[in-house]
Amino acid sequence: MKEFDVRRAKLLDKMENNSVALIFSGVSKISSEDEFLPFVVNRNFFYLSGIEQENSCLMLIKGVGVTKENLFIDPFDPVKERWTGKKLNVDQAKDLSQVSNVFTNDAFASMLTLVFEGKYGEIKNLYVDLAPEIKIKNEYSTKSLAEDFKAKYNLNIIDVYPMIRDMRMVKSELEIEELRAAIRKTNIGINRLIKALKPGMYEYELADLFEFSGREKGRSNLAFSTIVGAGVNSTCLHYPTQDCKIQADDIILFDLGYRENLYCADISRTYPVSGVYSPMQRKVYEAVLNCNKAVIAYIREGLTIKDLQEFATNYLKNECVRLKLISPEEDIRKYYIHNISHHLGLDTHDISDRSRPLEKGNVITVEPGLYFPELKIGVRIEDDVLVTSGRAEVLSDSIIKEANDIEKLFKTKK
Ligand SMILES: [Mn+2]
């Protein structure tokens, strides 16, 4: 069961009469010279269409008393197909998107002219996703298109981005199921890492293992580039190089996740390579874990992520003072240097309005961390959490995080 049609109906409902919305999938970006980066679909387009193909466009029309949905995709091109493989045909695109009117791009311009010239009544508003990275062709952006049509047809331009953002912030049952599936798979990947982990390995071997274990249909299925940092590298938040040898007395931090139909898991766990935390590692670990659990217990509708951040900073400060890890207490800003939470969904750092109070159906991360480079100890414990009308539900609660459970698990693998 899909719900792309439900989402489009919701957006159409929010649009004013006498309006057209154009939402583009985007195009591949140039990496260097004639080489392109792998195509990454505009998630707002995917959210409304289920289509992950470049050069596609959704056209939603809301005339007076009439709505219409059109989808445009690249036409069949036998020569191109020999170079870059098969593309969706019209029937496949209909099937995926549940849009009944699917056309090829050669019909786009004439269709748009018909619409602006009154086929569905006068059009006053043009809704476009004005996120600057969305290009229609080469350097021609949605912003350029908006300006061109504004001048030509005297249109009022409205950014559709915040409207789709508000919809994406509240997850449906189906979306929550996708997130659960992504987290389940991530847990399996993490268990593979625990089994494989031993001193003398390189960090990248574990990152590669995680990526390989999650491949689906031959494709990498990472939600984002895996972070594996051992020893002092655990204190670098987005440690990128992963070329160090792992030592027996290191702590090792993993920040990783797979996707399920583009829905991202985002999990961090921190383990002792030897299987047993040193007294100092355990101290830091317990402080972060206590904070993780306290924030989860604190989450409720009506709070903002800023409230959670204040709560977490205060909590970590008190824990660190109690454990004599810092002094003076203001030093917490040197050791807890990021935010407690972000929304999660089709993007790992999902589209959101951070000032908006949390509500039922939001899925957010809870990821306190403490980083002491001079001790070579960085700890982050990140869970994915569903906001409900009562206590928050920890979607990742099957991924163990109690220090004793972790030590027990490490013992059984030997
Ligand atoms: Mn995160």
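Residues numbered from 1 in each chain as written. Predicted model: local features only at pLDDT ≥ 70, side-chain atom pairs only at ≥ 80, totals over all residues. Heavy atoms only, no water.

(A) Structural context of the sheet that holds strand S19 (residues 383-386). As summarised here, the arrangement of the three strands in space is S16-S19-S20, forming an open sheet in which the pairing is antiparallel. With partners counted over all chains shown, the strands left at the sheet margins are strand S16 (363-366) and strand S20 (393-394), one partner each. Where S16 lies against S19, four bridges are found, and the strand directions are antiparallel. By the bridge assignment for S19, Thr365 is matched with Asp384. (Pairing = 2+ DSSP bridges. Helix = DSSP H or I, 4+ residues; strand = E, 2+ residues; numbered from the N terminus.)

(B) A look at the packing of aromatic side chains. Per the stated rule, a full pass over the model turns up 15 aromatic pairs. An angle of 10° between the planes, with centres 6.1 Å apart, marks the rings of Phe149 and Tyr153 as stacked. Here Phe149 and its partner Tyr153 are both found in helix H6 (residues 142-153), four residues apart, which amounts to about one turn of the helix. Phe149 sits in the buried class, given a relative accessible area of 15%. One aromatic cluster is present, built from ring pairs that chain together Phe24, Phe72, Phe103 and Phe108. Over the aromatic face of Tyr47 sits the side chain of Arg7, whose NZ or CZ is 4.3 Å from the ring centroid. (Phe/Tyr/Trp six-rings, centres within 6.5 Å; stacked < 30°, edge-to-face > 60°. Buried < 20%, exposed > 50% of the residue type's maximum accessible area, 1.4 Å probe, protein only. Lys NZ or Arg CZ within 6 Å of the ring centre and 35° of its normal.)

(C) Representation of the coordination of the manganese ion in the model. Bound to the manganese ion are the protein donor atoms Asp266 (OD), His342 (NE2), Glu367 (OE) and Glu382 (OE), situated 2.1 to 2.4 Å from the metal. Each donor residue of the manganese ion belongs to the same chain, and together they define the spacing D-x75-H-x24-E-x14-E. Of this pair, Glu367 sits in the loop between S16 and strand S17 (369-372) while Glu382 sits in the loop between strand S18 (377-380) and S19, and the two are 15 residues apart along the sequence. The exposure class of Glu367 is buried, given its relative accessible area of 9%. (Donors = N, O, S within 2.8 Å, 3.2 Å for Na, K, Ca; no water.)

(D) Here's a closer look at unusual backbone geometry. The residue after Ser327, namely Pro328, is reached through a cis peptide bond having omega -5°. Positionally, Pro328 belongs in the loop between helix H11 (305-322) and helix H12 (332-335). You will see that Glu33, though not glycine, has its phi angle at about 50°, which is positive. Relative to the helices and strands, Glu33 resides in the loop between strand S2 (30-32) and strand S3 (35-36). Of note, the phi angle at Lys324 is positive, near 55°, even though the residue is not glycine. Within the element layout of this structure, Lys324 appears in the loop between H11 and H12. Looking at Lys324, the relative accessible area reads 74%, which means it is exposed.

(E) Main features of the sheet that holds strand S4 (residues 57-62). Read from one edge to the other, the open sheet built from six strands follows the order S6-S5-S4-S1-S7-S10, with strand pairing classed as mixed. Each of the sheet's edge strands pairs with one partner strand only, and the pair in question is strand S6 (101-104) and strand S10 (156-159). Between one strand axis and the next, the sheet turns by 20° as a mean value, whatever way the strands run. In the sheet, strand S7 (residues 125-128) pairs with S10 via four bridges, with the strands oriented parallel. The partner of Leu126 across the bridge, within S10, is Ile157. Those strands touched by helix H7 (residues 161-169) are strand S1 (19-24), S7 and S10, and its axis lies near 30° from that of S10. (Axes fitted to C-alpha atoms, helices over the stretch in contact; angles between N-to-C directions. Contact = heavy atoms within 4.5 Å.)

(F) Expanded view of helix H13 (residues 403-412). Of all the residues in H13, the buried ones are Ala403, Ile406, Glu407 and Phe410. Seen along its axis, H13 keeps its buried residues to an arc of 95°; they face one direction. Set apart from the buried face of H13 by more than 90 degrees, the exposed residues are Lys408, Lys411 and Thr412. Of the surrounding elements, those touching the buried residues of H13 are helix H8 (173-196), strand S15 (267-272) and helix H10 (279-298). (Arc of directions from axis to C-beta.)

(G) Region of the structure containing the domain arrangement of the chain. Partitioning the chain into structural domains gives domain 1 (4-168) and domain 2 (170-412). Contact with domain 1, which involves twelve residues of that partner, is made by 14 residues of domain 2. Summed over both sides, the interface of domain 1 with domain 2 buries roughly 1,200 Å², with 47% coming from carbon and sulfur. When the area that domain 1 buries against domain 2 is broken down by residue, the three leading residues are Arg43, Arg165 and Arg168, summing to 53%. For the pair domain 1 and domain 2, the number of links is three salt bridges. Put simply, Arg168 and Asp350 hold a salt bridge, and the shortest N to O gap is 2.8 Å. Across the domain 1-domain 2 interface, the total number found is seven residue pairs in polar contact (both at pLDDT 80 or more). Broken down by secondary-structure element, the contributors of at least two residues to the side of domain 1 that touches domain 2 are helix H2 (43-49) and H7. Sorting elements by how many residues they give to the side of domain 1 that touches domain 2 places H7 first, with five residues. A breakdown of the residues in the side of domain 1 that touches domain 2 according to their chemical character gives five nonpolar, one polar and six charged. (Domains from an automatic or database assignment. Buried area = accessible area lost by both parts, 1.4 Å probe. Salt bridge = Lys/Arg side-chain N within 4 Å of Asp/Glu carboxyl O. Polar contact = N/O pair within 3.5 Å; in protein donor to acceptor, adjacent residues only side chain to side chain. Nonpolar A, V, L, I, M, F, W, Y, C, P; charged D, E, K, R; others polar.)

(H) Spotlight on helix H5 (residues 108-116). Residues of H5 that are buried include every one of Phe108, Met111, Leu112, Val115 and Phe116, and no others. One face of H5 carries all of its buried residues, which in axial projection span an arc of 130°. On its buried side, H5 packs onto S1, S4, strand S5 (67-73), S6, S7 and H6. Of the residues flanking the end of H5, it is Gly118, one or two places downstream, whose phi is positive at about 110°.

(I) Representation of the side chain of Thr270. Within the secondary structure, Thr270 sits in strand S15. Accessibility expressed as a relative area gives 0% for Thr270, which makes it buried. Within the structure, the side chain of Thr270 is placed 2.9 Å from the backbone oxygen of Arg380, a separation counted as a polar contact. Leaving out residues up to four positions away in the same chain, Thr270 has contacts with Ile251, Ile252, Leu253, Tyr277, Tyr285, Gly378, Val379 and Arg380.

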